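Notes for the structure review
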Amino acid sequence: MSFAPHGKHLIAGAWIGTDAQFDNEPAHGPVHRFSVGTVALVNQAAEAAEEAFWSYGSSSREERAHFLDAIADEIEARAEAITEIGSQETGLPAARLQGERGRTTGQLRLFASHIRKGDYLDRRFDAALPDRLPAPRPEIRLVQRPIGPVAVFGASNFPLAFSTAGGDTAAALAAGCPVVVKGHSAHPGTGEIIAEAVHAAIGKCGMHPGVFSLIQGGRRDVGTALVQHPLIKAVGFTGSLGGGRALFDLCAARPEPIPFFGELGSVNPMFVLPEAASTRAEALGAGWAGSLTMGAGQFCTNPGIAVVIDGPEADRLVAATAAALAKVGPQTMLTDGIAKAYRDGQHRFQSRNAVKAVYETLSEGRTANPNLYETTGDRFLEDHALSEEVFGPLALVVRVASVDEMLHLAKGFEGQLTATIQMDPADTDTARKLLPVLERKAGRVLVNGFPTGVEVVDSMVHGGPYPASTNFGATSVGTLSIRRFLRPVSFQNLPLDLLPEGAA
């Protein structure tokens, strides 16, 4: 089943066009025209979301769970068309999009199950003590309640799982918060067909139409208007450090500051401990190369830096990584802009005298080829630019002189989404020293694996200290992410029939 986008915004149940339009830039296939977002549409969507909140915020958990399941069903009903338009716009292979679609519907259903159980409400109860001296104690109940309309910014690298009906949207809707999505201009057709699925689910479930809106494209003024709108109570964002920090500052500068939950990027360092390097340098190099080049390196958990003690084992690791990278052909990147940023990132490494090229290639147009560089620990610490993310299949080996220097270097890293330890049993004492450092630096610490796989489960943390994210206490993946869109409310001496669902 083919899909021909109509190019309009979905605002509170109505498909609305605007005079100004833009063309998408597909990797292959036909070009389509889309309406440009406006500040006026932001206002319409936010006002509709606020109106919807009065009913949706008080809806039952079962009603919202049924709605989330219905969205998943409607997405699956459009499966082939989603894969087709998604592949055209992003250049991602069909298998990747099919897997991402499964993750998207899976997390919608996971949240449906999660809110049915009710554990997320964090209910607390202190019974009244009327005879307590010197003063009686009232009955107090605590429960988590939704915060209000939420703005979500679609991500460039995950057109499904982190965009229109992705994790932020699923968590907000599960919490009881209407959502206004600012679609990403890299895949507006994909955003539109997912919005059609949500729109169909709204109709089937009898929800207020303002519970979900999609605003396509738009210039910077649209994003600014969205995060500054007084009816928006929180923002979910996945994207660049520069763009995310600008929006974060706007949220903080509002007359009523609101939380900005931004996932801004990470280099995801990998620490190869001595015994692991000695026994399996070649396997680690090949595995690292596979992780680096997965999806053209366009994952926020791409492990861009490996730290290893200098010597023959490091030589073997570097040689194996380079050999594996040499077998990887050019890959299509998500947009022309991302491809250019990748080339600019490579140029940054090429311009450093302290950096040595191990495996260097030329990337042109919208394609990317992998690159591998190396430097020393002291040079790495002297040049902050070497620790900045390059979005794509580029990697840096940092050679250190000792375990002590490895620990010192680890302490110098900024906040990360992930940190990896490659170790054998004989490395346990070294790992025990390293772990407290990495625990302070990353939201997820893993051993003997590669971080380019984020499980959507209760125990997942996809976040970390700044600049990995703007809120170190939050995650954008897993059921804990619902907490971002809730706030605790205490109810004192309320009759049971006045309490919100779940408080009793």
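Residues numbered from 1 in each chain as written. Predicted model: local features only at pLDDT ≥ 70, side-chain atom pairs only at ≥ 80, totals over all residues. Heavy atoms only, no water.

**Description of helix α4 (residues 94–117)**
Because each turn of an α-helix spans 3.6 residues, side chains separated by three or four positions end up pointing in the same direction. Look at α4: 35 Å from first C-alpha to last across 24 residues, which is about the 34 Å you get at 1.5 Å a residue. Gly118 sits one or two residues past α4 and shows a positive phi near 85 degrees. (Helix = DSSP H or I, 4+ residues; strand = E, 2+ residues; numbered from the N terminus. Expected span 1.5 Å × (residues − 1).)

**Some words on the pairing of strand β13 (residues 305–309)**
Taken across its 5 residues, β13 has 5 buried, putting it largely inside the fold. The side-chain alternation of β13 yields two buried faces, one formed by Ile305, Val307 and Ile309 and the other by Ala306 and Val308. Bridge count between strand β12 (residues 270–272) and β13: 3 bridges; the pairing is parallel. The residue of β13 that forms the bridge with Phe271 is Val307. Each parallel crossover has a hand, and the one from β12 via helix α9 (residues 274–293) to β13 is right-handed. (Buried < 20%, exposed > 50% of the residue type's maximum accessible area, 1.4 Å probe, protein only. Pairing = 2+ DSSP bridges. Right-handed = clockwise from strand over helix to strand, strands pointing away.)

**Focus on the sheet that holds strand β17 (residues 371–376)**
Taking strand neighbours across the sheet as the criterion, the 7 strands line up as β15-β17-β18-β13-β12-β19-β20 in an open arrangement whose pairing is mixed. Strands at the two margins of the open sheet, each flanked by one partner only, are β15 (356–359) and β20 (442–447). Recorded for the sheet is a direction-independent mean angle of 25 degrees between the axes of neighbouring strands. Here β12 runs beside strand β19 (residues 416–422); their pairing, made up of 3 bridges, is parallel. For Met270, the partnering residue across the bridge sits in β19 and is Thr420. Running at roughly 165 degrees to strand β18 (residues 394–400), α9 makes contact with β12, β13, β17, β18 and β19 of the sheet. Relative to β13, helix α13 (residues 403–411) is tilted by about 155 degrees, and along the sheet it contacts β12, β13 and β18. (Axes fitted to C-alpha atoms, helices over the stretch in contact; angles between N-to-C directions. Contact = heavy atoms within 4.5 Å.)

**Here we look at the sheet that holds strand β5 (residues 124–126)**
With antiparallel pairing, the 3 strands of this open sheet are ordered in space as β5-β6-β21. Two strands in the sheet have a free side with no partner beyond their single neighbour: β5 and β21 (486–492). Sheet twist, expressed as the mean angle between neighbouring strand axes with direction ignored, is 25 degrees. Relative to β21, strand β6 (residues 140–146) runs antiparallel, the two sharing 7 bridges. When the sheet's bridge partners are listed, Arg141 is paired in β21 with Phe491.

**Focus on the packing of aromatic side chains**
Counting across every chain of the model gives 12 aromatic pairs. Judged by centre distance (6.0 Å) and plane angle (80 degrees), the rings of Phe271 and Phe413 are edge-to-face. Taken as a pair, Phe271 in strand β12 and Phe413 in the loop between α13 and β19 lie far apart in primary sequence, 142 residues in all. Each of the two residues, Phe271 as well as Phe413, counts as buried. (Phe/Tyr/Trp six-rings, centres within 6.5 Å; stacked < 30°, edge-to-face > 60°.)

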